[in-house]
Amino acid sequence: MKNPANEKINDSPNCFQLLNQAERVFGEAKYELSIQYYTRALQQLNFTVDIVYALYMRGCAYKAMGNVTKAKKDWQNAQNFNCEHTTGVDLIEIALNQA
């Protein structure tokens, strides 16, 4: 796996470790690395809410890198799960409308 930030990636982390790493590097504006972590997490996630979250956040990373097409694809895939946020705010719909 290509690692543009030359950051060591643990070869066998669980999905929640991957999500935590993805969030950390996203917060550091290391979007390409964040996408890699979200992608690996998505391969292991089993719960709809976690999958939707990872797709939404990976879409945000794509958008931050200027790849609106991939961002929209992730957001649309997340939206297809019809998972309603507990606060009633549809962040995915908002992101799609702003893209």
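In the block above lies the structure referred to throughout.
Residues numbered from 1 in each chain as written. Predicted model: local features only at pLDDT ≥ 70, side-chain atom pairs only at ≥ 80, totals over all residues. Heavy atoms only, no water.

Chemist: With reference to specific residues and values, describe helix 3 (residues 48-64).
Modeler: An ideal rise of 1.5 Å per residue puts 24 Å on 17 residues; helix 3 measures up with 24 Å between its terminal C-alpha atoms. Of all the 17 residues making up helix 3, 12 are buried; the element is thus mostly covered by neighbouring parts of the structure. When helix 3 is considered as a whole, its buried residues turn out to be D50, I51, V52, A54, L55, Y56, M57, R58, G59, C60, A61 and Y62. One or two residues past the end of helix 3 sits G66, with phi positive at roughly 90°. (Helix = DSSP H or I, 4+ residues; strand = E, 2+ residues; numbered from the N terminus. Expected span 1.5 Å × (residues − 1). Buried < 20%, exposed > 50% of the residue type's maximum accessible area, 1.4 Å probe, protein only.)

Chemist: Go over the side chain of S34 with me, naming the residues and quoting the values.
Modeler: As for its placement among the helices and strands, S34 is situated in helix 2 (residues 31-42). S34 gets classed as buried once you look at its relative accessible area, which sits at 0%. Here S34 is in contact with A22, V25, F26 and A61, once residues within four sequence places are set aside. (Contact = heavy atoms within 4.5 Å.)

Chemist: Report on the side chain of R58, specifying residues and quantitative values.
Modeler: Among the secondary structure elements, R58 is positioned in helix 3. When near neighbours in sequence (up to four residues on either side) are disregarded, R58 contacts I35, Y38, T39, L42 and D74.

Chemist: Tell me about the nonpolar core, and please be specific about residues and values.
Modeler: Formed by 27 residues in total, the largest nonpolar core has its most connected members in L45, Y56, W75 and I92. Residue assignment for this core shows that the elements contributing at least two residues are helix 1 (15-27), helix 2, helix 3, helix 4 (68-79) and helix 5 (91-98). Sort the elements by how many residues they give to this core and helix 3 lands first, with 9 residues. Apart from residues lying up to four places away in sequence, L45 is in contact with C15, F16, L19, D50, I51 and A54. (Core = buried A, V, L, I, M, F, W, Y, C linked by side-chain atoms within 4.5 Å.)

Chemist: Now, about the packing of aromatic side chains: what can you tell me, with residues and values included?
Modeler: As enumerated under the stated definition, the model contains 2 aromatic pairs in all. Both rings, one in F26 and one in Y31, keep their centres 5.2 Å apart while their planes meet at 70°; by these two values the pair is edge-to-face. (Phe/Tyr/Trp six-rings, centres within 6.5 Å; stacked < 30°, edge-to-face > 60°.)

Chemist: Can you lay out the pattern of salt bridges for me, pointing to particular residues and giving the numbers?
Modeler: All told, the structure shown has 3 salt bridges when counted by the stated rule. When the shortest N-O distance is used, the salt bridge between R24 and E28 registers 3.2 Å. Note that K30 is salt-bridged to E28, the shortest N-O span being 3.2 Å. A residue is classified by how much of its surface remains accessible, and K30, at 30% relative accessible area, is partly exposed. Overlapping salt bridges bring together R24, E28 and K30 as one network. (Salt bridge = Lys/Arg side-chain N within 4 Å of Asp/Glu carboxyl O.)

Chemist: Hey, could you go over the packing of helix 3 against helix 5 for me, with residue numbers and the actual values?
Modeler: One can describe the packing of helix 3 onto helix 5 by two numbers: an axis separation of 11 Å at closest approach and a directional angle of 25°. With respect to helix 5, the axis of helix 3 lies roughly parallel. Here helix 3 runs over helix 5; the crossing is left-handed. Residues V52, Y56 and K63 of helix 3 form the contact with helix 5, whose own contacting residues are L91, I92, A95 and Q98. (Axes fitted to C-alpha atoms, helices over the stretch in contact; angles between N-to-C directions. Parallel < 35°, antiparallel > 145°, perpendicular 65-115°, else oblique. Left-handed = near helix turned anticlockwise from the far one by under 90°.)

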